[in-house]
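Fold and contact review
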Amino acid sequence: MSNSEIKKLTIQLEKGLLLAEKRMLQEKALHDQTIVVMGDDNTIKYIPAKEVIAEHAEFQ
């Protein structure tokens, strides 16, 4: 596999993962659910999916 093929595949995978994350957040927001994330200080945080969507343009 050439470098250009690897780069193309990597881009496609990143787009697919972003789409899957967006759909998951939309589904959770529809049901007023939260997501679990680890903060910078290694603490576990529960954040409403609607809040994540509102703060990140790539999920809108």
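Refer to the structure presented above.
Structural notes, computed from the coordinates. (Residues numbered from 1 in each chain as written. Predicted model: local features only at pLDDT ≥ 70, side-chain atom pairs only at ≥ 80, totals over all residues. Heavy atoms only, no water.)

1. Some points on the overall build of the protein
Helix and strand counts for the protein come out as 2 helices and 2 strands. Counting from the amino terminus, helix and strand elements in the protein follow one another as α-β-β-α. Over its C-alpha atoms the protein spans a radius of gyration of 15 Å, topping by over 25% the 10 Å that the globule rule assigns to 60 residues. Dimensions of the protein, computed from the C-alpha atoms along their principal axes, are close to 45 × 30 × 15 Å. Accessible surface, the protein as shown: approximately 5100 Å² in total, 56% of it carbon and sulfur. Counting 8 positive and 10 negative side-chain charges, the protein places the averaged centre of each group 8 Å from the other. (Helix = DSSP H or I, 4+ residues; strand = E, 2+ residues; numbered from the N terminus. Rg over C-alpha atoms; globule rule 2.2 N^0.38 Å. Areas by Shrake-Rupley, 256 points an atom, 1.4 Å probe, with all protein chains shown as cover. Lys, Arg positive; Asp, Glu negative; His and termini not counted. Charge placed at Lys NZ, Arg CZ, Asp CG, Glu CD.)

2. Re the nonpolar core
Counting 7 residues, the largest nonpolar core is built from Leu-25, Ala-29, Ile-35, Ala-49, Val-52, Ile-53 and Phe-59. Residue assignment for this core shows that the elements contributing at least two residues are helix 1 (3-30) and helix 2 (49-55). For this core, the leading source of residues is helix 2, giving 3 residues. Leave out the neighbours within four places in its chain, and Ala-29 touches Ala-49, Lys-50 and Ile-53. (Core = buried A, V, L, I, M, F, W, Y, C linked by side-chain atoms within 4.5 Å. Buried < 20%, exposed > 50% of the residue type's maximum accessible area, 1.4 Å probe, protein only. Contact = heavy atoms within 4.5 Å.)

3. Examining helix 1
Between the first and last C-alpha of helix 1 there are 41 Å, a value that for 28 residues agrees with the 40 Å anticipated at 1.5 Å per step. Positioned one or two residues after helix 1, Asp-32 has a phi angle of 55°, which is positive. (Expected span 1.5 Å × (residues − 1).)

4. So, the pattern of salt bridges
If the charged atoms of two oppositely charged side chains come close together, the side chains can form a pair. Counted under the stated rule, the structure contains 1 salt bridge. In this structure, Asp-32 and Lys-50 form a salt bridge, with 2.6 Å as the shortest nitrogen-oxygen distance. Residue Asp-32 is found in the loop between helix 1 and strand 1 (34-38), and its partner Lys-50 is found in helix 2; the two are separated by 18 residues along the sequence. Overall, Asp-32 belongs to the exposed group, its relative accessible area being 59%. We classify Lys-50 as partly exposed; its relative accessible area is 48%. (Salt bridge = Lys/Arg side-chain N within 4 Å of Asp/Glu carboxyl O.)

5. Regarding unusual backbone geometry
A positive phi is found at Asp-32, a non-glycine position, where the angle reads about 55°. Although it is not a glycine, Asn-42 sits at a positive phi angle of roughly 60°.

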